[in-house]
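Chain residues, written in single-letter form:
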Amino acid sequence: MKKIVYRRQLNNSERAEVLSLAKEFSLQEETATVLYTRGVTTSEGFRHYLNAGKENFIDPFLMKNMDVVTHRLRQAAENGETVVVYGDYDVDGICATAIMMRALAKIGIKAIPVIPERDDGYGLTEPLIEMIAETYFPDLIITVDCGISNKDEVELIKDAGIDVLITDHHELPDELPDAPIVNPKLKDQDYPYDNLCGAGVAFKIAVALCGEWAYSLVDFACLATVADSMTILGENRDIVAEGLKVFSSPTLRPQFKLLLSGSREINETTLAFTVSPRLNAAGRMGDVASALYLFVTEDEEEMHEYAEKLAAYNVERQTACDEMYKTAKRLLQKKGAFTPSIVLYDEGWKSGFVGIVASRLAEEYARPVVLFTDKGNGQIKGSVRSVDNLNIFEALSAVQSQIVEFGGHAQAAGVTVCLEQLQAFEDALNAYLLENTSPSSYEPTVYCEKLLEEPYTMTLAKDLKKLEPFGVGNRKPLYVVQGKEVSVKALKAGSPHLSLSTPQMEMLYFNGEKFRGVLESPATKFLVFEPNISVFNRKESLKGYLREFITDLQIDARQKLYIFRNNLAEIATIDPVPYPETVSDKELETALNSALNQRYGTAILSYGMSAFSRFPQTENLPKYLFTNNYNNLHNCCIVSPFADLDTSEYHTVIYLDKPLVYTGKFRGQAVIMGKENPTISLLKTLSLDRSVFSAVYTVIRDAGRIHAFCSVDAYEKMGRDFDPYQFIFCVECFIELGLIESFGGTLSAVKNVKNPLENSKIYQKVKALQESLC
């Protein structure tokens, strides 16, 4: 279950400071509080943050070796030397190459760009160094977004009589190349910001070479900063803010116009999810040159050709990633996902896609994922993706005796192992994680500002836009609404998207139809939303985009009615199969103790909350109503499960209660079922007398169309003269028989329809149960 973490509470002194800053900068208190709790606590800090842009750019000559590198480049220009710009195959490397090419052209150097394909490997490699030397006979090679870890390769370049300059932003290795290096992470330098991307470093060199003319290249640095998931703070935020001004201006580069595909609003999200995937697709499909040439050419016809090729690559990449995901899921279903990490290998996987699919699986299963593909010579190379609270670099460091090589950071890494050592690597990694992590390390966390009590206003939404751009390390503000009563309806007939209404905010929940039953239930829900202002026909509207919801299963009388109604409805919608053999509570307890020795793979189903009190082992497990919000195979409890609940990936399904009907769909490797069912005692009290059914039907028919989502709502509006369980039982039978129509949040009697009670599965099941208990 996801955990909501709210921003810290301010003390009285801090609140006074916030009020003063809000007044000084004409902000609402909430806007100033968001900024203050993110570490911007001074007047100067507010001024810088709220006026992000080129005015705040740092002097590039504060960066170590900047004077040495720019002097060598000017010397190359004066001497007419041949210069190669050596980049990288991702968006950062492509943009860094484009910046450096343009800056060198400005000082008179017509440089030669070289970017390795993904299969060539990252950084400087001996085969490409030989190709460059034999093909271009360069006097100088300057790297962008790579080179800091290529000590030996730099020596090869120098041995060939070629000078080399290294510009990079990655973490420093133990031994640096023997060459002039510009990297904001170098020690003993005066540059106050060390988190630039590769294109950001190239941009600073361009400014050092060309002065303010180089500000015209900030759009490349902006895109790369977003695409490379750099923190949007400090100078990065200035670069992105200034770059977005260019992206929104009439002078936008024709290349970017083509990549944006007519997007109406251009912001950091547009760059991350529209432009970046197209550029990255070129490298993933083995044709990084198309992305580079799009930025190098000045011919509009060629631009169109390259842009169309990138769009096609992106579609092809999406299809290939979907297929790879399906293959990974098949392997996982055969193998099982019951360990602290997921490790899979397929020799046919393309190396350019494994990172994307690993990220998807890590989010889905809430644990680290390593996907390997063949590297040749008995080795396999993998992409590693982790979860927020687990440092995978530390884990890999702890098991490096099983690894040929690895590199990366806390959330993502690359790793190479010998194929024959794959099982040993997996066992060692899982052993380390079991020993050094707790279940909380895998608990997904959503960070929010606060719980709203008052309506969220357009005024606040507009005020918060002053804090844009947002991004990594400076997330968009999310807010939470708590409530039981949520009005839910489909966005339009047949749509999987939902519209939700609460006193605080109108919301949209994309692809939320499968959770509609939970959202309509009276369970206390915490709805996490991102405020959004949209404009249509010049009219502004405010909606919240629902990002998460968490259910608090404190069962009250009304919720018991919903659970009862769901249990009845299941009878009408599923075809039963014979029950498995049932077991006693003592046997259930033994099964629970055994299954819960592992963190993963057990789904515990119950048809009421009372069963959990009989089994204290379930006390600290996440509990869901009707369906599993996060099907990540962590052990969990599900109350009154829907008929279509998928537990096929679990190794054990334990029924604390015996269901009214059994579908056989909730079947893992083991199904263990108790004998009790709290609903049966209620069913024994229900009347099958036709006069009772007639009375309930008459009430609904005479009322016309009732604004009620289900039989529970109908009872509360007009059924108070009846026993609630009896009323719900009758209405559910009528709905099943087509005598009452449920549509669009209303219930009404259907005219001129006759269907005997005996045709109702619900009626027949209750009747059979009562007869068997006599």
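Residues numbered from 1 in each chain as written. Predicted model: local features only at pLDDT ≥ 70, side-chain atom pairs only at ≥ 80, totals over all residues. Heavy atoms only, no water.

K.L.:
Would you mind showing me how to read the packing of helix α4 (residues 66–79) against helix α8 (residues 198–210) here?
P.N.:
Angle between the axes and distance between the axes: these two values describe a pair of packed helices. Between α4 and α8, whose axes approach to 10 Å, the crossing angle comes to 65°. Between α4 and α8 the crossing geometry is right-handed. Across the interface between the two elements, M66, T70, L73 and R74 of α4 pack against K204, I205, A208 and L209 of α8. Taken together, the residues of the contact of α4 with α8 break down into five nonpolar, one polar and two charged. (Axes fitted to C-alpha atoms, helices over the stretch in contact; angles between N-to-C directions. Helix = DSSP H or I, 4+ residues; strand = E, 2+ residues; numbered from the N terminus. Left-handed = near helix turned anticlockwise from the far one by under 90°. Contact = heavy atoms within 4.5 Å. Nonpolar A, V, L, I, M, F, W, Y, C, P; charged D, E, K, R; others polar.)

K.L.:
For this particular structure, what's the right way to read the environment of I141?
P.N.:
For I141, the position within the fold is in strand β4 (residues 140–144). Its relative accessible area of 1% is what places I141 among the buried residues. For the pair I141 and D163, spaced 22 residues apart in sequence, the C-alpha to C-alpha distance is 6.3 Å. Those residues within four positions of I141 in sequence are excluded, and the remaining contacts are V84, Y86, I132, I157, I162, D163, V164 and L165. (Buried < 20%, exposed > 50% of the residue type's maximum accessible area, 1.4 Å probe, protein only.)

K.L.:
I tried to follow helix α9 (residues 218–227) on my own but got confused; where do I start?
P.N.:
An α-helical segment advances 3.6 residues per turn. Residues three or four places apart therefore align on the same side. α9 sits mainly inside the fold: nine of its 10 residues count as buried. Here α9 has its buried residues at V218, D219, F220, A221, C222, L223, A224, T225 and V226. Where α9 terminates, the next one or two residues include S229, which has phi positive at roughly 55°.

K.L.:
I'm lost on the sheet that holds strand β19 (residues 539–552) in this one. Help?
P.N.:
What holds strands together in a sheet is hydrogen bonding between their backbones, with the strands either parallel or antiparallel. Ordered in space as β13-β14-β18-β19-β17-β16-β15, the seven strands form an open sheet in which the pairing is mixed. Each edge of the open sheet is held by one strand with a lone partner, namely β13 (451–452) and β15 (487–490). As paired strands, β13 and strand β14 (residues 479–483) are joined by two bridges and run parallel to one another. Note on β14: the bridge partner recorded for L451 is V480. (Pairing = 2+ DSSP bridges.)

K.L.:
How do you make sense of the pattern of salt bridges when you look at a structure like this?
P.N.:
If the charged atoms of two oppositely charged side chains come close together, the side chains can form a pair. This model, assessed by the stated rule, comprises 38 salt bridges. For K329, the salt bridge goes to E364, with nearest N and O atoms at 2.7 Å. Of this pair, K329 sits in helix α14 (residues 300–335) while E364 sits in helix α15 (residues 351–365), placing them 35 residues apart in sequence. Classification of K329 by relative accessible area gives buried; the value is 12%. Under the relative-accessibility criterion, E364 is labelled partly exposed at 24%. D702 is paired through a salt bridge with R701; the nearest N and O atoms lie 3.2 Å apart. Note on R701: relative accessible area 45%, which makes it partly exposed. (Salt bridge = Lys/Arg side-chain N within 4 Å of Asp/Glu carboxyl O.)

K.L.:
Looking at this structure, I do not really get the pairing of strand β23 (residues 636–639). What am I missing?
P.N.:
Working note: regular strand, side chains alternate between the two faces of the sheet. With burial as the criterion, each face of β23 is covered, one bearing C636 and I638 and the other bearing C637 and V639. Relative to β23, strand β21 (residues 602–606) runs parallel, the two being bridged by four bridges. What sits directly across from A603, in β23, is C636. As paired strands, strand β22 (residues 623–625) and β23 are joined by three bridges and run parallel to one another. By the bridge assignment for β23, Y624 is matched with I638.

K.L.:
Which parts of the structure should I look at to understand the sheet that holds strand β25 (residues 670–674)?
P.N.:
Pairing is parallel in the open sheet, where six strands are placed in the order β20-β25-β24-β21-β23-β22. Only two strands of the sheet have a single neighbouring strand rather than two, namely β20 (582–583) and β22. Contacts from helix α21 (residues 585–595) reach β20, β21, β24 (652–655) and β25, with the element oriented near 150° to β24.

K.L.:
Sorry if this is basic, but what is going on with the environment of G108 here?
P.N.:
Mapped onto the fold, G108 is located in the loop between α5 (91–106) and β3 (112–114). Judged by relative accessible area, which is 58%, G108 ranks as exposed. C-alpha separation for the pair G108 and V288, spaced 180 residues apart in sequence, amounts to 26 Å.

K.L.:
How do you make sense of the nonpolar core when you look at a structure like this?
P.N.:
Note that soluble globular proteins tend to have their nonpolar side chains buried in a common cluster. Membership of the largest hydrophobic core comes to 133 residues, with the highest contact counts inside it found for F203, F295 and L371. Every residue in contact with F295, bar those within four places of it in the chain, is listed here: I94, C95, A98, R102, F220, Q255, F256, L259 and L279. Counting residues in each nonpolar core, the second largest holds 57 residues, with I604, F615, C637 and I654 among its members. (Core = buried A, V, L, I, M, F, W, Y, C linked by side-chain atoms within 4.5 Å.)

K.L.:
For this particular structure, what's the right way to read unusual backbone geometry?
P.N.:
Cis geometry is adopted by the peptide bond preceding P469, which originates at E468 and carries an omega value of 5°. Looking at the element boundaries, P469 is found in the loop between α18 (458–464) and β14. One non-glycine residue, N377, lies in the positive phi region at around 60°. Looking at where N377 falls in the secondary structure, it is placed in the loop between β8 (369–376) and β9 (379–385). Overall, the relative accessible area of 83% leaves N377 in the exposed class.

K.L.:
I'm lost on the side chain of T167 in this one. Help?
P.N.:
Within the secondary structure layout, T167 lies in strand β5 (residues 163–167). Residue T167 is classed as buried on the basis of its relative accessible area of 1%. There is a polar contact of 2.5 Å between the side chain of T167 and the backbone oxygen of T143. Other than its neighbours up to four places away in sequence, T167 contacts I142, T143, V144, D145, C146, V182, V201 and I205. (Polar contact = N/O pair within 3.5 Å; in protein donor to acceptor, adjacent residues only side chain to side chain.)

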